[in-house]
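# Secondary and tertiary structure notes
Each chain, letter by letter, is given below.
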Amino acid sequence: MPLAPPPVPVPKNALFPAQATCFSGPGCGCPPRRAGRPVPGRWLNLFRSVPKPPFINSAVWIWSAEGSHAAPTPKDSSPSHYQVRYFRRTFAVSYPAKARLTVHLSADSRYLFYCNGTFIGRGPAKGDIGHHFYDTFNLTHHLRKGRNVLAVIVLDMSRVAHRPALLGPPCSVMTYTGGFVLEGVLTSSSDKVLADLRTDASWRVAVDRAHRFQNENTTFEGYHGYFEHRVSAEIPAGWNTPGFDDAEWAAAHVLFQAELRENRRDPTSPYGLMPRMIPMLEEGEPEPFPDAYVAGGGEVPTQWKNLLGAGRALTLKPRSTVDLVLDMGRLTTAFPHLAVSGGAGSTLRLTYAEALRLPWSTPGAKLLGRQQSLANLASHFADESSGWTFDRRGKVTGWSDIWEPSGRDEVFEPLHWRAFRYVGLRITVGSKPLKLRSVRQRFSAYPYRVKAKFRSSDPALDRIWRVGLHTMRMCSHETFEDCPHYEQMQYAGDTMITSQLALFTTGDGRLSRQALYHFDWSRLTDGLTQSRYPSRLVQVIPAWSIHWITTLREYVLCTGDRATAADLLPGVRAVLDWYRRQAGPDGLPAKLPFWNITDWCPWWPRGVVPGADTGATCIHSAQFINALDETAWIVRQLGRATEADALVAEAEGLRRTAHAAFWSDTEGLYFDRPGGPEVSQYGNAWAIVAGLAGERERAIIMRRFPDDAKLAPGSFFWWHTGFAALARCGRLDDLPRHLGPWHESVNAGLSTFVEENSYWRSLCHAWSAHPVLEFQQSILGVRPVEPGFARVTIQPHRCGLTHAEGSVCTPHGMITVAWRAKGARFHFEATLPEKITATVTLPDGTAGAFSGGRIRLEGTCP
């Protein structure tokens with residue numbers, strides 16, 4: 001099984017391995033990926049002395065007295081679903097200016113880490129038991145003279161099972177037993193050991209009784225886990241500070257030796273530790289909510305405006321109640337941040353929502369979509385009587401955090417970020433006044449820095465660009481996510497799109513590379529990857545394994561990282577072998593097991609194309625053929641020409657078979673299954689993209705595709721292939737007229753793109769953001785054709801526009817493109833980084849070959 005490379009320290013508080021770097025080129029600020037790449041002078045000192053890896057016959061995992069083999073007694077147990085523990089280790093520092101401390105740590109299931117009362121970080125990043133990530137922090141600048149303390153709170157989610165309809169722990173957090181491990185040595189500037197701080201019985205532990213967890217108001221399935229109910233009076237005041245007296249805390253119980261994954265032989269530890277592959281998530285400073293109103297739509301009183309806008313404290317009287325709605329104006333992923341004083345006995349409830357709910361019959365209300373049956377889409381708790389709206393008469397419904405303040409000066413933030421546009425804030429004040437000092441929020445997401453730009457003569461396209469990028473960011477945290485509000489699960493289909501979006505617009509390949517390994521680690525014994533991973537619940541969608549191969553190909557094209565491709569190639573072959581074993585007599589994959597969803601087509605039961613359960617289908621056959629072609633390209637980049645030729649020949653043979661099986665001269669389309677009668681947008685798109693359709697068939701198909709009413713319609717997702725089909729047919733200039741669903745979302749006030757066109761659940765879904773790619777690859781026309789953007793084609797399309805300009809990220813720097821149609825002339829300019837060569841083709845066929853530098857070309861407007 002492939003491993004992540006060993007770590008190389010970088011001079012930041014939160015460290016991560018250099019191999020998991022970005023690919024945005026000079027000036028990115030990241031450490032170098034490999035020795036062959038020029039090393040900026042500020043990084044040279046890193047390679048003079050690389051310390052040995054941690055967790056080699058050193059630290060042990062620790063927990064409380066019951067260990068991993070027994071259940072705690074009620075008096076030694078957290079009063080809720082998870083077991084929560086506090087850990088501390090004190091040590092003395094005589095000369096902080098001459099002391100050095102770097103620590104490596106991990107936990108099962110989640111931790112928040114502090115040094116001398118200062119929050120340092122949270123983790124670990126999501127992996128699985130055999131690939132359990134650890135984090136590295138440089139604490140040198142947090143040391144102080146005298147007594148110091150390392151403190152951590154750990155949530156053990158292992159003792160309850162995940163159930164989507166009832167929540168439970170997060171489905172994406174894979175866990176074995178509660179535990180914490182840390183390795184760190186306090187040294188002098190001359191490397192003399194001053195204190196060994198590794199986890200062992202010298203650490204102190206206490207049972208937490210403040211954090212409870214609940215699933216109240218579950219109206220849809222949720223995969224993101226329980227929400228909180230925190231009783232702050234039960235939190236030991238100052239527990240994470242040096243002055244706290246932990247004399248009554250118990251000594252930690254030793255569980256087992258910590259081990260790196262590659263060093264495991266006959267392990268007692270269940271975990272194969274490996275260094276974090278991605279940077280820490282961005283966590284911003286507290287910022288105001290842009291707007292607020294009284295529940296039902298009324299204006300908030302002046303004193304509340306002063307609190308929310310200017311941070312002026314507000315005191316609520318005993319026994320009073322407040323029911324407000326905080327409105328971010330667009331979807332965000334953030335930690336709500338509430339600072340209070342007093343108010344013991346009060347209760348604050350924060351309810352999170354992407355939009356508001358109103359009955360369809362509400363007079364004058366504007367709701368998203370239309371009232372319809374959701375039987376083919378919804379799974380649990382679907383409500384067809386109401387819909388989503390931004391009308392302030394609507395209700396904030398959904399999951400909530402509940403907080404009971406202690407009466408001290410304190411701040412509430414949930415342990416995990418939340419996804420919301422709206423926060424319903426309901427406060428019930430107890431017998432003592434409650435002083436609100438701050439009601440704010442702190443943004444958190446994967447730290448993407450979007451560098452690419454796009455602007456055109458159509459402002460509506462520019463708005464789609466901005467909303468698409470925001471959708472990408474909202475669906476990128478410790479993993480790519482299908483949606484941030486309901487699932488927070490990494491699906492291979494969504495990842496195929498979000499990964500490429502990120503590579504083109506940010507140049508950062510770290511989350512993409514981690515995702516590729518995640519799915520490789522998910523592999524079943526029969527060869528398929530799981531459709532979503534990390535995941536406690538096994539779900540297999542065969543087509544999603546095909547999308548994983550596409551993600552790898554696009555990753556190599558954008559980054560030039562052949563080493564990762566070589567590492568994952570055995571898994572790619574395993575997927576292809578699985579498809580071959582499902583072949584019918586004609587060699588096409590047939591009657592596939594597992595869930596054969598390909599898209600949320602409202603005409604298909606649970607998204608499964610007709611015929612998938614009984615024989616071959618056009619979509620699955622074409623996807624397999626395309627995967628053979630893509631794998632051939634990958635292995636050819638790895639110098640395996642013979643294998644590549646064999647895969648091309650296999651694909652060509654199956655292409656002829658599939659054409660004969662599904663083409664209908666009568667319909668002028670490809671049937672979804674042999675003999676039909678069903679035809680679909682998605683099936684014909686795949687037939688075109690995979691090359692089943694020759695030039696003659698493509699011309700015939702385009703008489704009806706994609707608008708014919710007989711074609712089973714798709715959701716936002718199918719259009720990723722649909723636009724590729726238009727490109728193959730020379731119809732990319734038609735792109736703007738097919739963007740209706742995206743314009744509808746933007747015009748409805750959405751700040752992100754939805755899962756599918758019925759608006760039944762997720763209002764932020766990764767797979768719907770792909771028009772951003774179309775603008776870069778079709779309107780600007782930039783497409784890589786050799787790994788790492790070594791060679792590109794630039795073929796801009798007018799798409800009804802008079803001008804467009806923008807850029808694309810590459811490992812060598814930015815490619816910029818600008819074109820303008822003026823009168824009968826088409827004026828084109830571009831800038832290429834030095835190491836990139838390009839073939840430029842203008843709309844009238846004018847072409848030229850160029851290498852790094854500025855390009856100017858002129859042609860006629862066809």
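Here is a short report on the structure shown in this document. Going along each chain's sequence as written, the residues are numbered from 1 onward. It should be noted that, the model being predicted, local features are given only for residues of pLDDT at least 70 and side-chain atom pairs only at 80 or more, the latter also being counted only at that level, while totals for whole chains, interfaces and linings use all residues. To get the side-chain values, take all heavy atoms of the structure and skip hydrogens and water.

## Quick word on the packing of helix α7 (residues 618-637) against helix α8 (residues 641-662)
Selection rule: Each axis is a line fitted through C-alpha atoms, and for a helix only the stretch in contact is used; angles between axes span 0 to 180 degrees, taken between their N-to-C directions. We count a stretch as a helix when DSSP gives it H or I for four or more residues in a row; a strand needs E for two or more, and each element gets its number in order from the N terminus. Should an angle fall under 35 degrees it is taken as roughly parallel, and over 145 as roughly antiparallel, whereas 65 to 115 is taken as roughly perpendicular and any remaining angle as oblique. In this scheme the handedness of a crossing depends on how the near helix is turned from the far one: anticlockwise by less than a right angle means left-handed, clockwise means right-handed. Only heavy atoms matter for contacts: two residues are in contact if any of them lie within 4.5 Å across the pair.
Two elements in contact, α7 and α8, have axes whose closest approach is 8 Å; the angle formed by their N-to-C orientations is 165°. On the basis of the axis angle, α7 is roughly antiparallel to α8. Seen from above, α7 lies across α8 with left-handed handedness. In contact with C618, S621, F624, I625, L628, D629, T631, A632, V635 and R636 of α7, α8 contributes A641, E643, A644, D645, L647, V648, E650, A651, L654, R655, A658 and F662.

## Regarding the pairing of strand β38 (residues 847-860)
Quick note on the threshold: Two strands pair under a simple rule: DSSP has to find at least two bridges between them.
Bridging between strand β37 (residues 825-841) and β38 involves 13 bridges; their strand directions are antiparallel. Paired with E829 across the strands is R856, a residue of β38. With antiparallel pairing between neighbouring strands as the criterion, β37 and β38 make up a hairpin whose turn holds 5 residues, including G845 at a positive phi of roughly 95°.

## Considerations on the environment of V154
This is how the line gets drawn: For each residue, the accessible area found with a 1.4 Å probe, counting protein chains only, is set against the maximum for its type, and the residue is called buried under 20%, exposed over 50%, and partly exposed in between.
Position of V154 relative to the elements: it lies in strand β9 (residues 146-156). Among the residues examined, V154 registers a relative accessible area of 0% and is labelled buried. Residues V154 and L143, 11 residues apart in the sequence, show an inter-C-alpha distance of 23 Å. Setting aside residues no more than four positions away along its own chain, V154 makes contact with W63, Q83, V84, R85, F87, A107, D108, S109, R110, Y111, G179 and F180.

## Structural notes on the side chain of N148
Short version of the rule: Two N or O atoms form a polar contact when they lie within 3.5 Å of each other; inside protein one atom must be a possible hydrogen donor and the other a possible acceptor, and for residues adjacent in sequence the pair counts only when both atoms belong to side chains.
By the secondary structure assignment, N148 is in strand β9. Separated by 2.8 Å, the side chain of N148 and the backbone oxygen of R144 make a polar contact. From its side chain, N148 meets the backbone oxygen of G146 in a polar contact 2.9 Å long. Ignoring any residue separated from it by four or fewer positions in sequence, one finds N148 in contact with R89, T90, F91, V93, N116, H142, L143 and P242.

## Let's talk about the sheet that holds strand β12 (residues 204-207)
One open sheet accounts for 6 strands, arranged β7-β6-β9-β3-β12-β15; its pairing is antiparallel. Each of the sheet's edge strands pairs with one partner strand only, and the pair in question is β7 (118-123) and β15 (250-251). In this structure, strand β3 (residues 83-93) lies alongside β9, joined through 11 bridges in antiparallel fashion. Note on β9: the bridge partner recorded for A92 is R147.

Distances and angles like these do not, on their own, reveal function.
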